[in-house]
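An overview of the molecular structure
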Amino acid sequence: DSGVTQTPKHLITATGQRVTLRCSPRSGDLSVYWYQQSLDQGLQFLIHYYNGEERAKGNILERFSAQQFPDLHSELNLSSLELGDSALYFCASSVLLGTGELFFGEGSRLTVL
Amino acid sequence: GESVGLHLPTLSVQEGDNSIINCAYSNSASDYFIWYKQESGKGPQFIIDIRSNMDKRQGQRVTVLLNKTVKHLSLQIAATQPGDSAVYFCAENNAGNMLTFGGGTRLMVKP
């Protein structure tokens, strides 16, 4: 158990809908990262928050947004969903900036029908 | 469990043998590299890291080798066990903690 909690574990929705994925980092970790894992794209970095502030952005679509709250949990909002958004979405946390040792949750499996 | 990629290169080894998983990177400016293991149905798990001022680093049953000249990274697993069966990813840590993951290699351990 990495200590990172993600909900929901599975989510099935329709095209055009909006969903919110939630992540609770390990106790004490200030950094939260979001990654997307699909069969054809592998693990893709989406966004990084540190202590409530956005620190880095990867290939995140404009339809996607994220935030980190004062209690350090984070949410990833996906809107106007398309079939191609079906993927595993991972949240990871770390205590230090500049470390490659991230602790990943078990992911949220999103299926868009 | 979840299938992580249908077209991953696969390495099949006998239990007890040593495994070598290779990774090529493209960014010559990358100065920090990490190996992750992902078991079916789970998130990636950190194994070992190495900075560019080193060419070798050892952990428990694992060794990472870095060859900056040819931009190549390898992960060696000694005495491979069934529990080592997983997908292995190398990653480069670019500026700002943005890990760029490679495509992954599936390791299958035959009993």
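Check the entry above for the structure.
Because the structure is predicted, anything quoted here is derived from the model rather than measured.

Turning our eyes to something else, we now look at the overall build of chain A. The helix and strand tally for chain A stands at 0 helices and 11 strands. The N-to-C order of helical and strand elements in chain A reads β-β-β-β-β-β-β-β-β-β-β. Relative to the 2.2 N^0.38 estimate, which gives 13 Å for 113 residues, the radius of gyration of chain A is 13 Å and therefore close to what a compact globule would have. Across its three principal axes, chain A shows a C-alpha extent of roughly 40 × 30 × 25 Å. Accessible area for chain A stands at about 5300 Å²; split by element, carbon and sulfur atoms hold 47% of it. Charged side chains of chain A number 8 positive and 12 negative; the gap between the two group centres comes to 2 Å.

Considered as a void within the structure, the second largest pocket measures approximately 370 Å³ in volume. Lining the second largest pocket we find 18 residues, and of these A:D1, A:S2, A:F104, A:E106 and B:G43 sit closest to its centre. Put simply, the parts of the chain that give the lining of the second largest pocket at least two residues each are β1 (5–7) and β10 (103–104) of chain A together with β4 (45–51) of chain B. Its residues placed into classes, the lining of the second largest pocket shows 6 nonpolar, 6 polar and 6 charged.

Turning our attention to the nonpolar core. With 20 residues, the main nonpolar core has A:W34, A:L46, A:I47, A:L76, A:L78, A:Y89 and A:L110 as its most contacted residues. Taken together, the elements giving at least two residues each to this core come down to β3 (19–24), β4 (31–38), β5 (42–50), β7 (64–68), β8 (74–78), β9 (87–94) and β11 (108–112) of chain A.

Residue and element names in this part refer to chain A. Relative to the helices and strands, S108 resides in strand β11. For S108, the side chain forms a polar contact with the main-chain oxygen of P8, separated by 2.6 Å. Those residues in contact with S108, other than ones at most four positions away along the chain, are Q6, T7, P8, K9, L21, A87, L88 and Y89.

Take the sheet that holds strand β2 (residues 19–24) of chain B next. All names here are of chain B. One open sheet holds the 4 strands; their spatial order is β2-β7-β6-β5, and the pairing between them is antiparallel. The sheet is open, and its two borders are formed by β2 and β5 (56–58), each paired with just one other strand. When the angles between neighbouring strand axes are averaged without regard to direction, this sheet yields 15 degrees. Summarising the sheet, strand β6 (residues 62–67) and strand β7 (residues 72–77) pair through 6 bridges and their orientation is antiparallel. Looking across to β7, one finds that L66 is bridged to L73.

Contact residues are listed per partner, giving 22 residues for chain B and 24 residues for chain A. Surface buried jointly by chain B and chain A totals about 1700 Å² across both partners, of which 55% is contributed by carbon and sulfur atoms. Counting every contact that joins chain B to chain A gives 0 salt bridges. Inspection of the region where chain B meets chain A yields 5 residue pairs in polar contact (both at pLDDT 80 or more). Looking at the side of chain B that touches chain A, the elements with two or more residues in it are β3 (32–38), β4, β8 (86–94) and β9 (98–101) of chain B. In terms of residue count, the dominant contributor to the side of chain B that touches chain A is β3(B) (4 residues). In terms of residue class, the side of chain B that touches chain A is made up of 11 nonpolar, 8 polar and 3 charged.

Criteria and thresholds
Residues numbered from 1 in each chain as written. Chains lettered and ligands numbered in written order. Predicted model: local features only at pLDDT ≥ 70, side-chain atom pairs only at ≥ 80, totals over all residues. Heavy atoms only, no water. Helix = DSSP H or I, 4+ residues; strand = E, 2+ residues; numbered from the N terminus. Rg over C-alpha atoms; globule rule 2.2 N^0.38 Å. Areas by Shrake-Rupley, 256 points an atom, 1.4 Å probe, with all protein chains shown as cover. Lys, Arg positive; Asp, Glu negative; His and termini not counted. Charge placed at Lys NZ, Arg CZ, Asp CG, Glu CD. 1 Å grid on protein atoms, 1.4 Å probe; cavity = no way out; pocket = protein on both sides within 12 Å on 5 of 7 lines; lining within 4 Å. Points joined across faces, edges and corners; volume = space filled by probe spheres on them. Nonpolar A, V, L, I, M, F, W, Y, C, P; charged D, E, K, R; others polar. Core = buried A, V, L, I, M, F, W, Y, C linked by side-chain atoms within 4.5 Å. Buried < 20%, exposed > 50% of the residue type's maximum accessible area, 1.4 Å probe, protein only. Polar contact = N/O pair within 3.5 Å; in protein donor to acceptor, adjacent residues only side chain to side chain. Contact = heavy atoms within 4.5 Å. Pairing = 2+ DSSP bridges. Axes fitted to C-alpha atoms, helices over the stretch in contact; angles between N-to-C directions. Buried area = accessible area lost by both parts, 1.4 Å probe. Salt bridge = Lys/Arg side-chain N within 4 Å of Asp/Glu carboxyl O.

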